[in-house]
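One letter stands for each residue in the lines below.
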Amino acid sequence: MPLSLVRKIVKALIPPIFPMVYRRFRAPRAAYHEWEAVPNGWSELKTNPKITGWNVEDIAEQYEKKWPAFLESITGTGPLGISPESIDPTQQDLLFHNIVMSYAFALGAASHNKDALSMLDWGGGFGHYYHIGKALFPNLQLDYHCKDVPVLIEHGRRLLPQATFYSDDECLKRSYDFVMASTSLHYSEDWRGTLQGLANAATGHVYITRLPITEGPAFVFVQRPYRYGYNSEYISWCLNRKEFLDAAESHGLRLLREVYIGERPQIHGAPAPSDFRGFLFEQRSGSAH
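Per-chain numbering applies: the sequence of each chain, read as written, is numbered from 1 onward. Under the rules for a predicted model, residues below a pLDDT of 70 receive no local features and side-chain atom pairs below 80 are neither given nor counted, while totals for whole chains, interfaces and linings still include all residues. Values shown for side chains rest on all heavy atoms present in the structure; no hydrogens or waters enter the calculation.

Caption draft 1: Main features of the packing of aromatic side chains. For Phe, Tyr and Trp, where Trp contributes only its six-membered ring, two rings pair if their centres lie within 6.5 Å, and the inter-plane angle classes them as stacked under 30 degrees, edge-to-face over 60, or tilted in between. Per the counting criterion, the structure on display carries 19 aromatic pairs. Look at Trp35 and Phe221: their rings are 5.8 Å apart centre to centre, the planes differ by 35°, and that puts the pair in the tilted class. Pair noted here: Trp35 is in strand E1 (residues 35–37) and Phe221 is in strand E7 (residues 219–223), with a separation of 186 residues, a long-range link. The residues Trp35 and Phe221 share a single accessibility class, namely buried. Connected via pairs of aromatic rings, a cluster forms that spans Trp54, Tyr63, Trp67, Phe70, Phe126, Tyr187, Tyr228, Tyr230 and Tyr234. Whether a charge sits over a ring depends on NZ of Lys or CZ of Arg being within 6 Å of the ring centre and within 35 degrees of the ring normal. Stacked on the ring of Trp122, the Lys or Arg Lys147 has its end atom at 4.4 Å from the ring centre. Secondary structure counts use DSSP, requiring at least four H or I residues in a row for a helix and at least two E residues in a row for a strand, with both numbered from the N terminus. Each residue gets one of three labels from its accessible area relative to the maximum for its type: buried under 20%, exposed over 50%, partly exposed in between, using a 1.4 Å probe on protein chains only.

Caption draft 2: Focus on the confidence of the model for the protein. pLDDT runs from 0 to 100 and stands for how confident the predictor is about each residue. Looking at the protein as a whole, the pLDDT averages 89, with 88% of positions reaching at least 70. Ignoring residues within four places in sequence, the model shows residues 2–11, a span with pLDDT below 50, making 2 contacts including any to other chains. In this description, contact between two residues means that some pair of their heavy atoms is separated by no more than 4.5 Å. When the criterion is pLDDT under 50, residues 16–29 qualifies, and its contacts beyond four places in sequence or with other chains add up to 5 contacts.

Caption draft 3: Layout of the nonpolar core. Ile59, Tyr103, Met119, Tyr144, Phe178 and Tyr207 are the most contacted members of the largest nonpolar core, which totals 47 residues. Top contributing element to this core by residue count: helix H5 (residues 94–110), with 7 residues. By convention a nonpolar core is built from buried Ala, Val, Leu, Ile, Met, Phe, Trp, Tyr and Cys residues, the set being connected through side-chain atoms within 4.5 Å. One finds Val38, Val220, Trp237 and Phe281 within the second-largest nonpolar core, a separate group that totals 33 residues.

Caption draft 4: Highlighting the packing of helix H4 (residues 57–73) against helix H7 (residues 150–159). Lines are fitted to the C-alpha atoms to define the axes, a helix being fitted only along its stretch in contact, and any angle between axes, read from their N-to-C directions, falls within 0 to 180 degrees. In the contact formed by H4 and H7, the axes pass within 8 Å of each other and the chain directions differ by 30°. Regarding the angle of H4 to H7, the classification is roughly parallel. Remark: the crossing between H4 and H7 carries right-handed chirality. Taken together, the residues of H7 that come into contact with H4 (itself represented by Glu57, Ile59, Ala60, Glu64 and Trp67) are Val151, Leu152, His155, Arg158 and Leu159. Residues are grouped as follows: Ala, Val, Leu, Ile, Met, Phe, Trp, Tyr, Cys and Pro are nonpolar; Asp, Glu, Lys and Arg are charged; every other residue, Gly included, is polar. Along the lines of polarity and charge, the residues of the contact of H4 with H7 split into 6 nonpolar, 1 polar and 3 charged. Just so you know how the angles are binned, under 35 degrees is roughly parallel, over 145 roughly antiparallel, 65 to 115 roughly perpendicular, and the rest oblique. Helix crossings fall into two classes, left-handed where the near helix is turned counterclockwise from the far one by less than a right angle and right-handed where it is turned clockwise.

Quick look at the structure:
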């Protein structure tokens, strides 16, 4: 049968709505850079309606859809290389394994000589770091507190009832042995104020990780995570390393160790190269201040 005839038959059988739907959902993935610097900075948030951040039901639904596979992946004695956002729940990811092992180092330092630990996970989603922490340190009593956007914590409270969830800064009115912000600080326009709040809430260690860092000038960029099934865009900082460390020191945080995460996104239009880093600090005062 001639190829031209096959094409005509296929075209006749497929309803017109299918090509329209395909183009609708394909367009964001094909037309835009996943990572792109925005010269207008945070004013882009007011002018771009596509930037809706993390408080989107689509994101929560995708997280929950992948949740059982993630929990299954951290049982037993195998490698911990499956992300709760993984597109393929059977494929071990060296990057996420590095993220988990870096977290293990930070949690181990914070819980040294302790049987119990209070922890604030700033931007912790459904609380996956609680489950990873229990898998790594099963004998550690973990008093886990998680702050995130309302849509995510609604699911988190149902899936992890033994934890305490917050959708506002009420969590900063008490103190914790260990405060962590993973893939979250850079989403705060006032990152300095957020960092101060986290530092003030810590009596022991503070771990800021998966933070976009550059040696050049700080800049603002947009991420378009459509390939994960998230119908949203995020705006965030890429911070200058020295400015970030100087701010941390001004809030009483002493750097114990910097870790290289391994994420190095190509941010279109960025003024300087960047990568994601982690920083483990110790609160010098030993108490909230």
